[in-house]
Amino acid sequence: MGKLDGRVFVISGAARGQGAEEARLFVSEGAKVVLGDVLVEQGERVAAGLGGDVACCVRLDVREEADWQAAARVAVERFGKVGGLVNNAGILRFNALADTPVAEFREVVDVNQTGCFLGMKTLAPYIERAGGGTIVNTSSYAGLTGMTFLTAYAASKAAVVGMTRVAALELAGRGVRVNAVCPGAIDTPMTNPAAAADAGLPLGDEGARDAAGADPAAMDAFYAKLVPQGRMGRPEEVARLVLFLSCADSSYVTGQPFVVDGGWLAGVSVV
Ligand SMILES: NC(=O)c1ccc[n+]([C@@H]2O[C@H](COP(=O)([O-])OP(=O)(O)OC[C@H]3O[C@@H](n4cnc5c(N)ncnc54)[C@H](O)[C@@H]3O)[C@@H](O)[C@H]2O)c1
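Residues numbered from 1 in each chain as written. Predicted model: local features only at pLDDT ≥ 70, side-chain atom pairs only at ≥ 80, totals over all residues. Heavy atoms only, no water.

Draft legend 1. Examining the overall build of the protein more closely. If you tally the helices and strands in the protein, you get eight helices and seven strands. Computed over its C-alpha atoms, the radius of gyration of the protein comes to 18 Å, within 12% of the 18 Å expected for a compact globule of 271 residues. Each principal axis of the C-alpha distribution contributes one length, and for the protein these read about 50 × 35 × 35 Å. Counting over 271 residues, the protein shows a buried share of 52%. (Helix = DSSP H or I, 4+ residues; strand = E, 2+ residues; numbered from the N terminus. Rg over C-alpha atoms; globule rule 2.2 N^0.38 Å. Buried < 20%, exposed > 50% of the residue type's maximum accessible area, 1.4 Å probe, protein only.)

Quick look at the structure:
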């Protein structure tokens, strides 16, 4: 008996990183999943690994309302309904406030904030028709506290928390629970050295992996100075929180952000 038996989910940004782990965990708990991503070949490989009877991949650019509608149609055609959504797709850009080009700010908001909005807007009626279900949005610890060089990202992730609360209020009476996860530093392609180098990344940010720190042990050593638990998080550790918020274990929980960060946001440590 799986925790998600009989459920059908759309997971955005599921071609790699946390989204791919969420798809794997959800299938292992009995769900059927539609993986949506702009990285279609990678997404198709993940879906094929899960099995064509329980998973498929669609091209989904979360900024495009028509893509969301198409993803919903595919879910209904393949698996009969949509009973849940994980809004996971996101992008990260680093820049000092005064150096942030407006195009970059809008790009980040478009993917992280508008994409989340469109996912909820499009799929909530499907989830209601399926008899109720869940939406889990992906914010960030940067959505709850300030962090240098992340004006656009922090704005978009704080907006995700705000939208989560409003959606939970509006959808509670329709059997749809809406929560958000706020990961800390998680070891995924988003935090890779190439991305950091491209951005001329100063250490101390969400993607703070210096060029020499490609190996996970070195990254853990870096984060040991910042994170009480002494290491980066793993995508499966975020996926398990998303599972909790997507299954009946959290049946009386809605409208809240949940931090998964190894204690980073707990306060100031002097040990
Ligand atoms: N890794 C971290 O440290 C961290 C921390 C806090 C929050 N997050 C958030 O977690 C989520 C997952 O990130 P990740 O760490 O797995 O990163 P990732 O870069 O590995 O995965 C993000 C996925 O989103 C997809 N994506 C990007 N733009 C898209 C678009 N327009 N439409 C559809 N898909 C798109 C990418 O192709 C990719 O598959 C993101 O929302 C990210 O902001 C990550």
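So, next bit.
Draft legend 2. Representation of the sheet that holds strand 3 (residues 55-59) within the structure. Read from one edge to the other, the open sheet built from seven strands follows the order 3-2-1-4-5-6-7, with strand pairing classed as parallel. Where the open sheet ends on each side, the last strands, each with one partner, are strand 3 and strand 7 (257-260). Mean inter-strand twist for the sheet, computed between neighbouring axes without regard to direction, equals 20°. Of the pairings in the sheet, the one linking strand 4 (residues 84-87) to strand 5 (residues 133-138) comprises four bridges and is parallel in character. (Pairing = 2+ DSSP bridges. Axes fitted to C-alpha atoms, helices over the stretch in contact; angles between N-to-C directions.)

Draft legend 3. Fine view of helix 1 (residues 17-28). Between the first and last C-alpha of helix 1 there are 17 Å, a value that for 12 residues agrees with the 16 Å anticipated at 1.5 Å per step. Most of helix 1 is tucked away: nine of the 12 residues are buried. The complete set of buried residues in helix 1 reads Gly-17, Gln-18, Gly-19, Ala-20, Glu-22, Ala-23, Leu-25, Phe-26 and Val-27. Once helix 1 ends, the next one or two residues include Gly-30, with phi positive near 100°. (Expected span 1.5 Å × (residues − 1).)

Draft legend 4. Geometry of the pattern of salt bridges. For the coordinates displayed, the defined rule picks out eight salt bridges. Arg-24 is the salt-bridge partner of Glu-21, the closest N and O atoms lying 2.8 Å from each other. With Glu-21 and Arg-24 both in helix 1, this residue pair falls three residues apart, about one helical turn. Exposure remark for Glu-21: the relative accessible area of 22% places this residue in the partly exposed category. A salt bridge links Asp-187 to Arg-234, with the nearest nitrogen and oxygen atoms 3.6 Å apart. Taken together, the positions of Asp-187 in the loop between strand 6 (176-183) and helix 6 (193-198) and Arg-234 in the loop between helix 7 (216-224) and helix 8 (235-246) put the pair 47 residues apart, joining distant regions of the chain. (Salt bridge = Lys/Arg side-chain N within 4 Å of Asp/Glu carboxyl O.)

Draft legend 5. The environment of Glu-77, seen in detail. Structurally, Glu-77 is set in helix 3 (residues 65-79). When the C-alpha atoms of Glu-77 and Leu-39 are compared, they prove to be 22 Å apart, with 38 residues separating the residues in sequence.

Draft legend 6. Examining the packing of helix 3 against helix 4 (residues 102-129) more closely. Interaxial distance between helix 3 and helix 4 falls to 9 Å at its minimum, and their mutual angle equals 35°. When you trace helix 3 past helix 4, the crossing you get is right-handed. Here helix 3 contributes Glu-65, Trp-68, Gln-69, Ala-72 and Val-76 to the contact with helix 4, which in turn contributes Gly-115, Leu-118, Gly-119, Lys-121, Thr-122, Leu-123 and Tyr-126. Within the contact of helix 3 with helix 4, the residues separate by chemical class into six nonpolar, four polar and two charged. (Left-handed = near helix turned anticlockwise from the far one by under 90°. Contact = heavy atoms within 4.5 Å. Nonpolar A, V, L, I, M, F, W, Y, C, P; charged D, E, K, R; others polar.)

Draft legend 7. Summary view of the packing of aromatic side chains. Under the counting rule described, the total for this entry stands at four aromatic pairs. Ring centres 5.7 Å apart and planes at 75° place the aromatic pair Tyr-223 and Trp-264 in the edge-to-face group. Highlighted residues: Tyr-223 in helix 7 and Trp-264 in the segment after strand 7, separated in sequence by 41 residues. The residues Tyr-223 and Trp-264 share a single accessibility class, namely buried. Of the aromatic side chains, those joined through ring pairs into one cluster are Tyr-141, Phe-222, Tyr-223 and Trp-264. The residue whose ring lies beneath Arg-129 is Tyr-126, and the NZ or CZ to ring-centre distance is 4.8 Å. (Phe/Tyr/Trp six-rings, centres within 6.5 Å; stacked < 30°, edge-to-face > 60°. Lys NZ or Arg CZ within 6 Å of the ring centre and 35° of its normal.)

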